[in-house]
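# Per-entry structural report
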Amino acid sequence: MKEFRSGHVSIIGKPNVGKSTLLNQLIDQKISIVSRKPQTTRWNINGIKTSNNYQIIFIDTPGLQINPKFTLNRYMNKEVSNSLIFVDIVLFVVEALNWNDLDVNVVKLLKNTKTTKLFLVLNKIDKIPKKNQLLSDINAISKEIEFDEIIPVSAIKDTGIKRLEELVASCLPVSQPFYPIEQITDRSERFFAAEYIREKLIIRLNDEIPYQLSVTIEEFNDTGNLIHINACIWVEKQGQKPIVIGKNGEVLKEVGRLARLDLEKLYDKKVNLKTWVKVKSKWSNSKTALKKFGF
Ligand SMILES: Nc1nc2c(ncn2[C@@H]2O[C@H](COP(=O)(O)OP(=O)(O)OP(=O)(O)O)[C@@H](O)[C@H]2O)c(=O)[nH]1
Ligand SMILES: [Mg+2]
């Protein structure tokens, strides 16, 4: 019989390169929220993939920022460095043909970290018309830091993902699984409720508002067939409250409806979701507020 392999794999990179999309594709389930705006992910999220021969614990992380100004952003960067402690493999995700200073910033972190194995994952190759363009990209990136493997993928189109998974699994140490085989994440049902609401808000709202809102779950009551959820959306300024609520409450209603549909799929139960909007001035720079919001 083949020996069972198991280990931890951190997914890191600058904002918006598709780390969360990749995690969701790798574990065949949407657990990490995704949007076309940078800085969507705020917390590390474990996604667990178990097969007959291996268990991989993938850690999705926030996009690494350069010189973050707010406490929130510093905490997000700290999540990235925390994810690198005790991992077996690091997946450095970049967007094909879009290398810039933000990627160099990630290289700096990697050079200061002792990693066992480093894979370069070139994502979004579906956007590249001529695949030979990738070669010069790979050559340029390889000058910055040395990689054990280079894997071009499209997280959205599911191209190269199986190969990536198998390569990762073959490099893990022989070990018993860390989690029960049916478990797909270490995060709670409450966590996903807050995250899905935040995702719908990010997608719906413009300008700076997505960066200045946070969601807390004030009540989560599973009655068997139905889950009652009361959620509070926190904004930084009084003027943001009517924008989040919308004319006749239409924004909040639509956000609530879309979040509820996703949550019903995830829990496989009916959900009754109520949302409120409250103001907490300068929460993104307050350690006390950030503690309440889950940091
Ligand atoms: N064309 C294309 N778009 C992709 C691919 N993967 C992700 N995207 C898009 O890229 C955007 C960002 O995706 P995310 O998965 O949220 O990126 P992220 O790296 O997790 O972003 P942060 O959490 O903000 O750091 C979204 O609009 C995705 O749909 C891909 O393979 N091809
Ligand atoms: Mg993300």
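Up top is the structure these notes are about.
## Examining the site of ligand 1
- In the neighbourhood of ligand 1, 23 residues make up the surrounding shell, with Lys19, Thr21, Gln39, Thr40 and Asp126 lying closest.
- For ligand 1, an oxygen atom lies 2.8 Å from a polar atom in the side chain of threonine 41.
- Separating an oxygen atom of ligand 1 from a backbone N or O atom of alanine 155 is a distance of 3.0 Å.
- Against a free-state accessible area of 660 Å², the protein chains account for coverage of 90% of ligand 1.
- Sorting elements by how many residues they give to the shell around ligand 1 places helix H1 (residues 19–26) first, with 3 residues.
- Class assignment for the residues of the shell around ligand 1 results in 6 nonpolar, 11 polar and 6 charged.

## Some remarks on the pairing of strand E3 (residues 54–60)
- Counted residue by residue, E3 has 7 buried out of 7 residues, so it is predominantly covered.
- Neither face of E3 is left uncovered, since the one carrying Tyr54, Ile56, Phe58 and Asp60 and the one carrying Gln55, Ile57 and Ile59 both have all their residues buried.
- As paired strands, strand E1 (residues 5–12) and E3 are joined by 7 bridges and run parallel to one another. When the sheet's bridge partners are listed, isoleucine 11 is paired in E3 with aspartate 60.
- Strand direction decides the pairing type here: strand E2 (residues 45–50) and E3, joined by 6 bridges, are antiparallel. Within the sheet, the bridge partner assigned to asparagine 46 lies in E3 and is isoleucine 59.
- Connecting the antiparallel pair E2 and E3 is a turn made up of 3 residues.

## A few points about the pattern of salt bridges
- In this structure the tally under the stated criterion is 16 salt bridges.
- Residue lysine 127 pairs with glutamate 95 through a salt bridge whose shortest N-O separation is 3.2 Å. Highlighted residues: lysine 127 in the loop between strand E5 (117–123) and helix H4 (133–144) and glutamate 95 in strand E4 (residues 89–95), separated in sequence by 32 residues.
- Of the charged contacts in the structure, one is a salt bridge between glutamate 264 and arginine 260, with a shortest N-O distance of 3.6 Å. A residue pair is termed a helical-turn pair when its members lie 3 or 4 positions apart in one helix, as glutamate 264 and arginine 260 do in helix H8 (residues 250–267) at 4 residues.
- Among the charged side chains, a salt-bridge network with shared partners connects Asp28, Lys49, Lys162 and Glu165.

Cut-off values and rules
Residues numbered from 1 in each chain as written. Chains lettered and ligands numbered in written order. Predicted model: local features only at pLDDT ≥ 70, side-chain atom pairs only at ≥ 80, totals over all residues. Heavy atoms only, no water. Near = heavy atom within 4 Å. Polar contact = N/O pair within 3.5 Å; in protein donor to acceptor, adjacent residues only side chain to side chain. Areas by Shrake-Rupley, 256 points an atom, 1.4 Å probe, with all protein chains shown as cover. Helix = DSSP H or I, 4+ residues; strand = E, 2+ residues; numbered from the N terminus. Nonpolar A, V, L, I, M, F, W, Y, C, P; charged D, E, K, R; others polar. Buried < 20%, exposed > 50% of the residue type's maximum accessible area, 1.4 Å probe, protein only. Pairing = 2+ DSSP bridges. Salt bridge = Lys/Arg side-chain N within 4 Å of Asp/Glu carboxyl O.

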